[in-house]
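# Inside the fold
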Amino acid sequence: EQIEKGGYDHFMMKEIYEQPSVIKDTYRGRLLANIGIVQMSGVEDNLEKFLNAKRILVVACGTSWHAGLVAEYIIEEFSRIPVEVEYASEFRYRNPIINKDDVVIAISQSGETADTLAAIKLAKENGAFVFGVCNVVGSSISRETHAGAYTHAGPEIGVASTKAFTTQITILTLLALRLAKAKGTLSNSDYQRYLLELELIPEKVEEALLTNDIAKKIAEIYKDASNCLYLGRGYNFPVALEGALKLKEISYIHAEGYPAAEMKHGPIALIDESMPVIVIAPNKGHYDKVVSNIQEIKSRSGKIIAVVTKGDTQVKALADHVIEIPETNEPFTPLLTTIPLQLLSYHIAVLRGCNVDQPRNLAKSVTVE
Ligand code: G6P
């Protein structure tokens, strides 16, 4: 097992560090940025289905559901197709409206999650076209779907999903770009700019991994916290949810992810000097509004750990700790902002003596309801 961990103490850490290479493996042969092409055989063969879709429904569970939320922002922005994201467990039992011209995307690392599988069957019975995004080749979901694209993350052993999440986002970004090209919903220059930037993401993830030391130092300070709040907006709202999920899964600290602007509708009541608040604040999108949230947290003595873009000055002046990630286009920020949050959870869990790779009560693949 020590050999399989490749020199790391835990599978989770190994898998976090594999992200630059597996993101590259996931877009290899599919992203041909220099000639302006994005291609995935499962999409090419069914392009009409996607182009005729009145909407896309995403079904998934856990971390894969968070990847679906990021995809909602990216697909709607790039290709202007309405997207709805559902917990597979809710979808399967609520008599949902499914139309023949809906495309259903099922996201699953293992390809075995019982609720997701049931949601797929229901969608198929109602005539929808179902596209799978799975990591495990030959898994039940990959067989049950009409078509799909594999993430090339390689085996993920740590129960808390890391590299599966970023490779799922990679596939869904490729899909959004492919559809944008076919529909003409992005200008040529934006399309080309996104392709070139996506190609650079593995290097930037590599750079984001350099935040490991600072994440460890911050972990030492906050390892005994009983609660943590994660805030983000836009593309980084799902990252806040995923950051909170990672922390609770492996460190057993209660954590909540929230859209930053919703803080005033509840979570703000919890903020005092014993509440660490992790704010995802890249210099894009709603930066100024997130800065105001940070001011509100500060005035209530909350401890602020901010994930910012390299060179940031405004948040740095307010936050207790900042973690810097490289600059990128707004839609791609989740692929970078999520890295220090994975590292932070990892170090907190290790310092608390938790079983990082196999947290209590959790299973890697949930094949029962
Ligand atoms: C379990 C795992 C999670 C995972 C979820 C969905 O809860 O512990 O890491 O996100 O199932 O799994 P899937 O294999 O469908 O992505």
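The preceding data block contains the structure.
Reference entry: report on the structure contained in this document. (Residues numbered from 1 in each chain as written. Predicted model: local features only at pLDDT ≥ 70, side-chain atom pairs only at ≥ 80, totals over all residues.)

## Quick look at the overall build of the chain
Condition: Numbering goes from the N terminus for both helices and strands, where a helix is a DSSP run of H or I of at least four residues and a strand is a run of E of at least two. Field definition: a residue is buried when 20 or more other C-beta atoms are found within 10 Å of its C-beta, exposed when 12 or fewer are, and partly exposed for counts in between, with C-beta atoms placed from the backbone. Two residues qualify as being in contact provided that their C-beta atoms, derived from the backbone, are within 7 Å of each other.
Scanning the chain for helices and strands turns up 14 helices and 12 strands. Seen along its three principal axes, the alpha-carbon backbone of the chain occupies a region of about 55 × 45 × 45 Å. Taken across its 369 residues, the chain has 54% of its residues classed as buried. A separation threshold of at least 6 residues defines the contact pool for the chain, and within that pool the share at least 24 residues apart is 74%.

## Some thoughts on the environment of Arg-55
Here Arg-55 shows up in strand S3 (residues 55–60). Between the C-alpha atom of Arg-55 and that of Ile-81, which follows or precedes it by 26 residues, the distance is 5.8 Å. Sequence-distant contacts of Arg-55, defined by excluding residues within four places in its chain, comprise Ile-81, Pro-82, Val-83, Glu-84 and Asp-102.

## What to know about the site of the ligand
Stated precisely, the cut-off is as follows: What makes a residue near a molecule or strand is its C-beta atom, placed from the backbone, lying within 6 Å of it. Put simply, Ala, Val, Leu, Ile, Met, Phe, Trp, Tyr, Cys and Pro go in the nonpolar bin, Asp, Glu, Lys and Arg in the charged bin, and everything else, Gly too, in the polar bin.
Taken together, 15 residues form the shell around the ligand, and within it Gly-62, Thr-63, Ser-108, Ser-110 and Thr-113 come nearest. With three residues, helix H5 (residues 62–79) is the single largest residue contributor to the shell around the ligand. Grouping the constituent residues of the shell around the ligand by class yields four nonpolar, 10 polar and one charged.

## Some remarks on the nonpolar core
Definition in use: Put simply, a nonpolar core is a cluster of buried Ala, Val, Leu, Ile, Met, Phe, Trp, Tyr and Cys residues tied together by C-beta atoms within 7 Å.
In this structure, Val-58, Ala-106, Leu-172, Leu-231, Val-279 and Ala-306 are the most contacted members of the largest nonpolar core, which totals 126 residues. It is helix H9 (residues 163–183) that provides the largest number of residues to this core, a total of 11 residues. If sequence neighbours within four positions are ignored, Val-279 has contacts with Leu-231, Val-290, Asn-293, Ile-294, Ile-304 and Ala-306.

## A short note on the packing of helix H2 (residues 19–27) against helix H10 (residues 188–208)
The condition is simple: The axes are straight lines fitted to the C-alpha atoms, using for helices just the contacting stretch, and the angles between their N-to-C directions are given from 0 to 180°. By definition in this entry, angles of less than 35 degrees are roughly parallel, angles greater than 145 are roughly antiparallel, angles of 65 to 115 are roughly perpendicular, and the rest are oblique. In this scheme the handedness of a crossing depends on how the near helix is turned from the far one: anticlockwise by less than a right angle means left-handed, clockwise means right-handed.
Where H2 meets H10, the closest approach of the two axes is 8 Å, and the angle between their N-to-C directions is 165 degrees. By the angle class used here, H2 and H10 are roughly antiparallel. Considering the relative orientation of H2 and H10, their crossing is left-handed. Across from Gln-19, Pro-20, Ile-23, Lys-24 and Tyr-27 in H2, the residues of H10 making contact are Leu-198, Ile-201, Pro-202, Val-205 and Glu-206. Of the residues contributing to the contact of H2 with H10, the split by class is seven nonpolar, one polar and two charged.

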